[in-house]
Amino acid sequence: MKYDLYPSLIVLLILGVSLSSILKIGISRAEALVSQNEASIDNQLSQNIPATVYVVSNSSFPQQNPLSFQSLSPTATVIVEQPSTPTPLGIFQVNAGSGMQAFVHAPTGLVAQPYVILTVFDSIPGTSIEIRGFENLREFVCTGSPCALSLLGSSTIQFSAYSASGGKSPEVIARVRVSGQDGGYSVVIDSVNQLSQYRDSCSNIWNVKDLSGAAWLKFPESPFQLNTNKIEHLLAARLIVNGIVDAKDCPGGGMGGDLDYPTGCGIERAKTKMIEWQNQYDFKIWSTSLEVGVPPKILKSLIEYESQFWPSNQRFYLDEIGLGQINQLGLDVLLRQNPDFYNKICSTVFSDCSLPYLSLDPPTQALVRGAIINSIDATCASCANGIDLEKANQSIPVIAQLLKSNCAMVDLLDVAGKTSVEYDDLWKFTMATYHSGLSCVQDAITLTKKKDEPLDWAGVSPNLNCKGAKSYVDGFWNNLLAFDSYLADSGSTSLVQVAPTFLPTRTPISIPLPTEIPSKAKVEVRVYLDANGNGLPEKIELLDGISVELLLDNGEKLSAVTLNGKVIFDMTGYRPGANAIVSLPGLYREKSFTLPKDGVVQVDFVFTAPVIPNTIP
């Protein structure tokens, strides 16, 4: 991120120097060399490679049954290097991103054999993990992530992830529907007990909604769905030069010219590691976006556009840091716009934080900004490859907060709320302020008004007088619109994933057991909207006509519809101790319990009333 206030930058802007031009100068020669090699690489990767599922039969040894999965993506949990230095400040941790998290999602389109993909993301890099659980009554173990779990049909899947250090993820329970169609199977996840409620912070700030249904705005169910397999020339060069990729067998060691761009052979050698590296931040991007309310594809596209995922200073003539190329002036915007963020920073630097950031003298403000810079600067001479990946990850919430602060600045412009200005126009103004500062955009708007031209991006952008501002935003936006075409799930990559081992059904104890007394229990399900917040189902709050399903561990399913907010399942004759799941199909709510011998199992689904605004927009 750069602004037009540095004297050195003014000179460079006059010369027309920017990151994109540097990359074009250094890499354009490589693109011609790469083009003839990329086709052969992609052709090799696009072939289906059979994954092996071990299914235990009556014999004492596993049987290997080849099972081909279409278009499976590369491993998403690979962390390329283990950081060697601790995080200096614990102020940027995102709640949703801490610890170990497991996810499930279904493949897109029709598949030859039904399966779902289980993925695990851990905040501790390099940790070995296992995924253990049940697909209906079939117990399985995956020794890595992602894991392609084959299905026999519609299923209930329960699983957790376990780390070698003793950690465990929250349990995931999902209902998966499999339907046969002409040409294959459709796999749909009907419900999952993880409910990620994404709120668009910038949309709320502007009070402008997206009406286009843009693909880049959709929040993915899993960080795995942010995986890309894009050729990044600058990243490939960094991986080769720093010895992370061995390209010694290539002419020139895989690098051309003055070691400033990769050759076609270098790109080929670096491709696998390049994909791993560009996806290692996806969990942090996903969880940060969920918490801060910034679209994750915008956040990842910005990181790619600014640094190509290599967290060091890419513009050596400027003091710009890390994955987002943040400088002191950008941090000044963040600290002015976000008092809560300032308070968290200040408490790590000073004992007295009674004064707001704007009231501090310039040297003291510089100390606060310096604390942030120190915490996100991933350059580390003592670390492997000179990069501290822990700090790189820690910088992602700062980038997201800075984007949100720039959204707030755009709201100060005399365009927000105008009927001629769409949601995506406001994001383009936000990226322009991120790159060139608010005054640059404001001046362009003022000039556009004098010309009586539309105040959307198409009308304002030609009037931007800051060198490189328009090309920066247009280039970034083109990358964002092309994001989905590089998704690893889109079918352009087909690498082997971990397949599960299905464990044999445990042999029952051969001791005569007493005759089991059938259950006489009942399951009472109540569904209501707790409008008054007292935690009790009032008569007026009961919800009728809600579909309720009860699934037993033997696969038997009972269903009913609420009347007077209630459904009662008579479980007389069923086996006590059976595991069961009660769900509200389509409403992403479900609860599990063990069936007792008698009595009433009370299951309540309570919905809260939405927040009603005090004023009409």
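What counts and how
- Chains are numbered independently. Their residues run from 1 in the order of the written sequence.
- Thresholds applied to this predicted model are a pLDDT of at least 70 for local features of residues and 80 or more for the giving and counting of side-chain atom pairs; totals over whole chains, interfaces and linings are not thresholded and use all residues.
- Hydrogen atoms and water are omitted, and side-chain values are computed over all heavy atoms in the structure.
- By definition, two strands form a pair when at least two bridges between them are found by DSSP.
- Helix numbering and strand numbering both begin at the N terminus, where a helix is a DSSP run of H or I of at least 4 residues and a strand a DSSP run of E of at least 2.
- Comment: axis = line fitted to C-alpha atoms, over the contacting stretch for helices; angle = value between 0 and 180 degrees taken between N-to-C directions.
- Contacts described as polar in this section are N or O atom pairs within 3.5 Å, which, within protein, must combine one atom able to donate a hydrogen with one able to accept it, while residues neighboring in sequence count only if both atoms come from side chains.
- Contacts: residue pairs with any heavy atoms within 4.5 Å of one another.
- For each residue, the accessible area found with a 1.4 Å probe, counting protein chains only, is set against the maximum for its type, and the residue is called buried under 20%, exposed over 50%, and partly exposed in between.
- Residue-level confidence of the predictor, termed pLDDT, takes values from 0 up to 100.
- Our working definition of a disulfide is a cysteine sulfur pair at a distance within 2.5 Å.
- Throughout, a crossing is termed right-handed when the near helix is turned clockwise from the far one, and left-handed when it is turned anticlockwise from it by less than a right angle.
- Residues are grouped as follows: nonpolar covers Ala, Val, Leu, Ile, Met, Phe, Trp, Tyr, Cys and Pro; charged covers Asp, Glu, Lys and Arg; every other residue, Gly included, is treated as polar.

If you trace the four strands from one edge of the open sheet to the other, you get 16-15-18-19, paired in antiparallel fashion. Among the strands making up the open sheet, the edge pair consists of strand 16 (557-561) and strand 19 (589-594). If you compare each strand with its neighbour and ignore which way they point, the axes differ by 20° on average. By the bridge criterion, four bridges tie strand 15 (residues 547-552) to strand 18 (residues 579-584) in an arrangement that is antiparallel. Bridge pairing links Leu550 to Val582 in strand 18.

In this section: the side chain of Glu524. Position of Glu524 relative to the elements: it lies in strand 14 (residues 522-530). There is a polar contact of 3.4 Å between the side chain of Glu524 and the side chain of Gln602. The residues contacting Glu524, other than those within four sequence positions of it, are Lys566, Val567, Ile568, Val600, Val601, Gln602 and Val603.

With that settled, consider helix 4 (residues 233-241). In terms of burial, helix 4 is largely enclosed, as seven of its nine residues are buried. Buried within helix 4 we find His233, Leu234, Leu235, Ala236, Ala237, Leu239 and Ile240. At the C-terminal side of helix 4, Gly243 shows a positive phi close to 80°.

Counting buried positions along strand 3 (residues 100-105) yields six of six residues, so the element is predominantly enclosed. A two-sided burial pattern is seen for strand 3, the buried positions comprising Met100, Ala102 and Val104 on one face and Gln101, Phe103 and His105 on the other. Both strand 3 and strand 4 (residues 115-122) contribute to a ladder of six bridges, which runs antiparallel. Each bridged residue has a counterpart across the sheet, and for Ala102 the counterpart in strand 4 is Val120.

Turning our eyes to something else, we now look at the confidence of the model for the protein. Averaged over every residue, the pLDDT of the protein is 78; the share at 70 or more is 76%. In this model residues 2-97 is a low-confidence stretch, pLDDT under 50, and it forms 235 contacts with partners more than four residues away in sequence or in other chains. For the stretch residues 490-496, pLDDT sits under 50, and the model shows 27 contacts to residues farther than four places along the chain or on other chains.

Here the structure, examined in full by the defined rule, presents six disulfides. Across the disulfide, Cys142 is cross-linked to Cys147 (sulfur-sulfur distance 2.0 Å). Judged by the sign of its S-S torsion, about -50°, the bond between Cys142 and Cys147 is left-handed. Since its relative accessible area comes to 0%, Cys142 is described here as buried. With a sulfur-sulfur separation of 2.1 Å, Cys380 is cross-linked through a disulfide to Cys383. A torsion of 70° about the S-S bond marks the disulfide between Cys380 and Cys383 as right-handed.

What follows is about the packing of helix 6 (residues 282-292) against helix 11 (residues 389-410). Look at helix 6 against helix 11: their axes get within 10 Å of each other, and the N-to-C directions meet at 35°. The handedness of the crossing between helix 6 and helix 11 is right-handed. Contacts between helix 6 and helix 11 involve Lys284, Ile285, Thr288 and Val292 on the former and, on the latter, Asn393, Ile396, Pro397, Ala400, Gln401 and Lys404. Classifying every residue of the contact of helix 6 with helix 11 by side-chain character gives five nonpolar, three polar and two charged.

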